[in-house]
Amino acid sequence: MARQSTKNGRVAVIGGGPAGMATALSVRQTGHEVTVFERYPHARVAGNILNLWPGPIKALGLMGVDTDGLGAGCFTEFRSHRGKRRARIQLPDDIVRDYHGGYIGLLRRELYERMLATLPEGVIQFNRGVTGFEQDRSGVRLHMSDGAIEEADVLVGADGIDSLVRRTLWGDSPKREHNLHVLAGFVLGKQIDGVEYNENILNHSRTVQGTWSGMLHRGEYGYQWWVLEAHTAGAEFAEDIGTRARMLAAEFGAPLTTLIDATEPGNMQRWPIRDRKPIGQWSSGRITLAGDAAHPTSPYAAYGAGMATEDGYFIGRTLAGVDLTDHDAVTEALARYEKPRKPHTARQSNQAYYIGQLFHHTPWPLRGLRDAILDHTPLLQKVVGESSPGEIIEQIALIDEAEQRFTALRS
C-alpha cells in the first residue's frame, strides 16, 4: 500500500474530453494540483447523441457535477425487426429507482457543459498542444507546441484513440476497423406518436440496426435515433445522411421513419466505427492512460464516454493521499488504478466489437440460423441482458468502495 501523505502534487492531463475532465475533477478533490492541456481552442464535442449507464452517473455526482435532470432515464430492449423481444436489460430495482431506468439519453454537449461548469477557470488550458514528453524518477516534462516546458509529478494521457501518450509508451498499433458506420440524429420539442421518453428500443434486421431512445436536453424532452450498417472502412460516403437513413429505416417503419423525417439536417451526423485492441498495460512509471487513449470502444457498448468518466474518477481516488514526489508510491498507485479497469474495459470493448460483427457481418447463408438462435434461445439475454448489467452493478460497488476509502482518508 502506497504511504499516505498530506503533501500536494502536480498532475498533468492531456486531452479535455470526458476522461480528461473527470480526471481533473477527481484529482482536484484530493488536494493535488491538476492542469488539463487541450490542443483545441475550446471544448471539442465529438459526436451528438450520448448514453450514460448508472456507474458514470454516480461518479459524476460524487465529483461535484450537477446530475439533476441530466438525460432521460430509459429501459432497454433488443428486438427483431418484426418486434420480437430478444433481450431486455435487467438491473436491480434500487438501481432502476435511483437512475430512472437503465441508462440516460442526452446530448454529448450537455455533459461537457456540466463538467466544464464544475471545473474552476484555468484548470483547462486551451490551445496548449503537447508534442512530446519524457520522465524520470523525479517527474515528467511535457514539451508544448508553443515551445514551453511544463513539469508534473504524474501525467494522464486522455488524448483519444490517436493518443500521443499511448503511442509513445507502447508503440503504434493499427486501428481495428469494424467496417460499420452509424447515421444518427435527434429531435427536440416534438411529441412523436408511438415513442415513449423512457424506452430505448434496438431493432435488428438481417443486416441493419435501427434504434430509437428517449432523451432530455436542458430540460426539454426529445428523442435520439440511429441506424447502423456495414460500410467498408475508408470508402467514400457521398450520400445525404437523411436520405440514406430513411432508406435503411424503411424495413422497420414507424416510429423510426417518423423520427428521421422529423429531424433537421443539422441535427444528423455520420461516423465510422473503429477501435483498437485492448493492451496489456496502461501505466509506465509516472504516466498512465484514460478513456479512448486506453480503450476506444464501439457505440455498440453505449459505454465509451461512461467508461472514460469512470477512469477519471478512479484515477483521482487512487492518487488521494499519495506523495506524488515519491516515484515508487506513484507507480504503485497507478498499478492499482489500472488493475481492475483493464479487464472491465477490455470485455466491454471486445464484446461491442463481436456483437457488431455478429449483426452486420455474418455471411448471408448463416443469417437465418443466427436469427433463429437469437429469436428462440436466451443467448442474447444472457450476454447483453444479464452479463453486461452485472458488470455495471460491479462498477457501482467499486465506486462505493473507493468513496468509502476516500471519505475515511479525508476524515
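Scroll up a little and you will see the structure.
Residues numbered from 1 in each chain as written. Predicted model: local features only at pLDDT ≥ 70, side-chain atom pairs only at ≥ 80, totals over all residues. Heavy atoms only, no water.

Student: Tell me about the overall build of the protein chain, and please be specific about residues and values.
Tutor: Across its full length, the protein chain holds 11 helices and 17 strands. Expressed as lengths along the three principal axes of its C-alpha atoms, the size of the protein chain is roughly 60 × 45 × 40 Å. Within the protein chain, the proportion of its 411 residues that are buried is 55%. Taking contacts inside the protein chain between residues at least 6 apart in sequence as the whole, the part at least 24 apart equals 77%. As presented, the protein chain carries roughly 17,000 Å² of accessible surface, and 49% of it is formed by carbon and sulfur atoms. Charge centroids of the protein chain, computed over 45 positive and 49 negative side chains, lie 4 Å from each other. (Helix = DSSP H or I, 4+ residues; strand = E, 2+ residues; numbered from the N terminus. Buried < 20%, exposed > 50% of the residue type's maximum accessible area, 1.4 Å probe, protein only. Contact = heavy atoms within 4.5 Å. Areas by Shrake-Rupley, 256 points an atom, 1.4 Å probe, with all protein chains shown as cover. Lys, Arg positive; Asp, Glu negative; His and termini not counted. Charge placed at Lys NZ, Arg CZ, Asp CG, Glu CD.)

Student: Would you mind going over the packing of aromatic side chains in detail, with residue names and values included?
Tutor: In total, this model carries seven aromatic pairs according to the counting rule given. For the ring pair Trp-282 and Tyr-337, a centre distance of 5.8 Å and an interplane angle of 55 degrees mean the geometry is tilted. Of this pair, Trp-282 sits in the loop between β16 (268-275) and β17 (287-289) while Tyr-337 sits in helix α9 (residues 327-360), and the two are 55 residues apart along the sequence. Taking the centre distance of 5.0 Å and the plane angle of 75 degrees together, the rings of Tyr-353 and Tyr-354 count as edge-to-face. By the ring-pair criterion, three or more aromatic residues cluster together here, those being Tyr-197, Tyr-221 and Tyr-223. Sitting over the face of the ring of Tyr-353, Arg-176 holds its NZ or CZ atom 4.2 Å from the ring centroid. (Phe/Tyr/Trp six-rings, centres within 6.5 Å; stacked < 30°, edge-to-face > 60°. Lys NZ or Arg CZ within 6 Å of the ring centre and 35° of its normal.)

Student: Requested: an account of the sheet that holds strand β2 (residues 33-38), with residues and values cited.
Tutor: Strand order in the open sheet made by the five strands is β7-β2-β1-β11-β17, with parallel pairing throughout. The sheet is open, and its two borders are formed by β7 (124-126) and β17, each paired with just one other strand. Pairwise comparison of adjacent strand axes, ignoring direction, gives a mean angle of 20 degrees for this sheet. Judged from the three bridges that link them, β2 and β7 form a sheet pairing that is parallel. By the bridge assignment, Phe-37 is partnered in β7 with Gln-125. (Pairing = 2+ DSSP bridges. Axes fitted to C-alpha atoms, helices over the stretch in contact; angles between N-to-C directions.)

Student: Quick one: what's the story with helix α4 (residues 108-118), residue by residue and with numbers?
Tutor: Within the span of α4, buried status applies to Arg-108, Glu-110, Leu-111, Tyr-112, Arg-114 and Met-115. Buried residues along α4 sit against α1 (18-30), β3 (49-52), α2 (54-62), β6 (103-107), β14 (209-217) and α8 (304-319).

Student: Any details on the side chain of Thr-211? Residues and values, ideally.
Tutor: Mapped onto the fold, Thr-211 is located in strand β14. Here the side chain of Thr-211 touches Gln-209 through a polar contact of 2.6 Å, side chain to side chain. Apart from residues no more than four positions distant in its own chain, Thr-211 is found in contact with Asn-200, Ile-201, Leu-202, Asn-203, Gln-224, Trp-225, Trp-226 and Leu-256. (Polar contact = N/O pair within 3.5 Å; in protein donor to acceptor, adjacent residues only side chain to side chain.)

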